[in-house]
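Chains, contacts and geometry: an overview
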Amino acid sequence: MCGIVGYTGADEAQGILIEGLTRLEYRGYDSAGVAIEQDGALDVICRKGKVSGLAHTLAHFDFTGTCGIGHTRWATHGRPSEANAHPHTSCAGDIAVVHNGIIENFAELREELIGRGHVFKSDTDTEVAAHLVEEAYADTGDLQSAVVHAASRLIGAYGLAVVCAHEPGVIVVTRKDSPIVVGRGARGSYVASDIIAMIDAARDVVVLADGQVARLTPEGVAFFDEAGNPLDPPVTHVDWDVDVAEKGGYPDFMLKEIHEQPRVIRDTLAGRLSAGALEIDELDLSPEELDLIDRVYVIACGTSYHAGLIAKNLIEGWARIPCEVEVASEFRYRNPIITPTTLVVAVSQSGETADTLAAIRDARVRGAKVFGITNVVGSPVARESDGVIYTKANKEIAVASTKSFLGQVVSLTLLAMLLAQAKGKLKTSQIRLLFRELADTAEQVERILADDAAVEEAALACKDATSALFIGRGMGAAVSYEGALKLKEISYLHAEAYAAGEMKHGPIALIDEGFPVIAIATKSPVYDKVVSNLQESKARGAMVVAIATEGDEDIRAHADHVIYIPKVRDAFSAITASVPLQLFARAIAVARGCDVDQPRNLAKSVTVE
Ligand code: AGP
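Described below are features of the structure shown in this document. (Residues numbered from 1 in each chain as written. Predicted model: local features only at pLDDT ≥ 70, side-chain atom pairs only at ≥ 80, totals over all residues. Heavy atoms only, no water.)

In this section: the site of the ligand. Near the ligand lie 15 residues; those nearest to it are S304, S348, Q349, S350 and T353. Here an oxygen atom of the ligand and a side-chain polar atom of S304 are 2.6 Å apart. S350 is positioned with one of its side-chain polar atoms (N or O) 2.6 Å from an oxygen atom of the ligand. Contact with the protein chains hides 93% of the accessible area of the ligand, taken as 410 Å² for the molecule alone. For the shell around the ligand, the elements supplying multiple residues, two or more each, are α9 (302-319) and α16 (475-491). Here the residues of the shell around the ligand are counted per class, giving five nonpolar, eight polar and two charged. Both of domain 2 (253-450) and domain 3 (453-591) provide at least three residues apiece to the shell around the ligand. (Near = heavy atom within 4 Å. Polar contact = N/O pair within 3.5 Å; in protein donor to acceptor, adjacent residues only side chain to side chain. Areas by Shrake-Rupley, 256 points an atom, 1.4 Å probe, with all protein chains shown as cover. Helix = DSSP H or I, 4+ residues; strand = E, 2+ residues; numbered from the N terminus. Nonpolar A, V, L, I, M, F, W, Y, C, P; charged D, E, K, R; others polar. Domains from an automatic or database assignment.)

See the structure below:
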């Protein structure tokens, strides 16, 4: 969702802010703006639409100031517009604020501030912060204490960066439940809501904790607690390749990230098998403690939830532990049965999803052990869980998850094996065999990626449809849900997914001449059942696209288009079958002229409820 950048140093801020905001575009936004301090005043420029539009406007001004803040906004309070774009300013225009998160008590604060004579220029929740800082600054004449005071009045989530015309070169930042990272580079000090915005300039960063305050100047960064006591927080070194933020010759980030998946599988598995036994030390639970687990909840949203559906089959199948998979927004508002022997597995690519975080907190209060599976080191999900598995996907830029999904599936597969190992349900020899086959999926995915001709052909045949149905059984059902979501997200083609056995109970009514039915029809214990569903679909005129196992010539009799994938054990079929569906969704989106990396209305991290 929204993004924050800030710079103070030796160079002109304008270009650095635009570059940082461009790096944050992947998160999804509808407007952007900057505040640049120059000659004892703040210049604030905001534009609705893309960062390139803002850059175009700024080119006319050519500000030379060397300190500034910037923001990409994803509308929550107030429609997307120039007036609602950040930075927001005080009445006097001498204080500017950018904010990520939601200020829940903004309506009361706004009324209170208006009562004291403040004039509001936007419909946002954020603007109250600018006026609160203004009042506190009038009392103290110190930006840092003014920001701390203002933050103490806010209920909700916030990452805040504030500049003041009377304190040249100073940026004050603080946060609660919304990420802020601060870094020092050779040419100045940087702040952002996401490391990627500053990766070229600063690789040693501090991930601010809730309530901490950072004061950035051209000379360096000082950290404090809310009471103003100095802090020395740990520094994290970021070792991603800089090209994570580049397309590397691919037409879009999504295709690049789909092609990174064999590497993700290998990296996620690296070092996990030692002397024939699985090890996930980060989970910080002994085999005895793992053995006590008698119920598992996987909680997540969107694509991460689909990874959970896949894991359910494995956790129940191998470890024989009852496993429920639930969307976090439901889990957090009901009264789930949790005991000290319940394991909650929270899955989140970004590690910042508001509903998943709330569910983690709730589960821990109720006494569950919580494991996080996330892609972002130091993210709130990682910090707030008892143990964490990192998915090793590296930064994912395209809004639609692909490589992080596969990383989640592989990590959850490892977790299922670990539980089975601890419970004595899988012998060492079985673990070794499974692990080897799991590792082989990297090469199998490479083979799928090497030849996408059948995917392209099927996509061209379906691109003009208005709706599509994805079906499968068992693992195939879970894969279908993700396939339909991918298609919806990036091509805006309506798609639904059903467990194929449900066809006769309703969805079959949708099928008429040429209606696309995409089926996961790989060789599995339920293969014949899926084939029956295909026959029923074909009999009603459907255009069937089948994802099938190499060598299965019979399937051609039941499908208009067949996309073959290598033969794998059913337990790992979700890994291989998901890949052609990702390519299929992307190919349709491209054919329909959609923005594959930044689909409308979507944000990469859903940090509000
Ligand atoms: C994935 O393609 C989606 N953009 C979305 O469903 C996403 O998976 C969901 O918002 C959860 O995000 P998280 O994994 O970062 O928690």
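So, about the side chain of T342. You can see T342 is positioned in strand β20 (residues 342-348). Looking at T342, the relative accessible area reads 1%, which means it is buried. Engagement of the side chain of T342 in a polar contact is seen with the backbone nitrogen of T339, the distance being 2.9 Å. For T342, the contacting residues outside a window of four places in its chain are D294, R295, Y297, I337, A368 and K369. (Buried < 20%, exposed > 50% of the residue type's maximum accessible area, 1.4 Å probe, protein only. Contact = heavy atoms within 4.5 Å.)

Next up on the list: the sheet that holds strand β3 (residues 41-48). Read from one edge of the open sheet, eight strands run β3-β2-β4-β1-β10-β9-β11-β15, paired in antiparallel fashion. In this open sheet, the two edge strands, each paired with only one partner strand, are β3 and β15 (236-237). Direction of pairing for strand β9 (residues 181-185) relative to strand β11 (residues 204-207): antiparallel, over a ladder of three bridges. Each residue of the ladder has a partner; that of G183, found in β11, is V205. Packed on one face of the sheet, helix α1 (residues 13-23) meets β1 (3-9), β2 (31-38), β4 (67-73) and β10 (188-192) and runs near 25 degrees to β4. (Pairing = 2+ DSSP bridges. Axes fitted to C-alpha atoms, helices over the stretch in contact; angles between N-to-C directions.)

Glancing now at unusual backbone geometry. Here the residue pair H86 and P87 is connected by a cis peptide bond, since its omega of 0 degrees sits within 30 degrees of zero. In this fold, P87 is placed in the loop between β4 and β5 (88-89). Look at K392: it is not a glycine, yet its phi comes out positive at around 60 degrees. Structurally, the position occupied by K392 is in the loop between β22 (387-390) and α13 (403-422). Of note in this structure, N601 is not a glycine but carries a positive phi near 65 degrees.

Here helix α14 (residues 428-450) spans 34 Å end to end across 23 residues, near enough to the 33 Å set by a 1.5 Å rise per residue. The sharpest bend along α14 measures roughly 25 degrees and falls at A442. Those residues of α14 not exposed but buried are I431, L434, F435, L438, T441, A442, Q444, V445, I448 and L449. (Expected span 1.5 Å × (residues − 1). Bend = angle between axes of the 7 residues up to and from the residue.)

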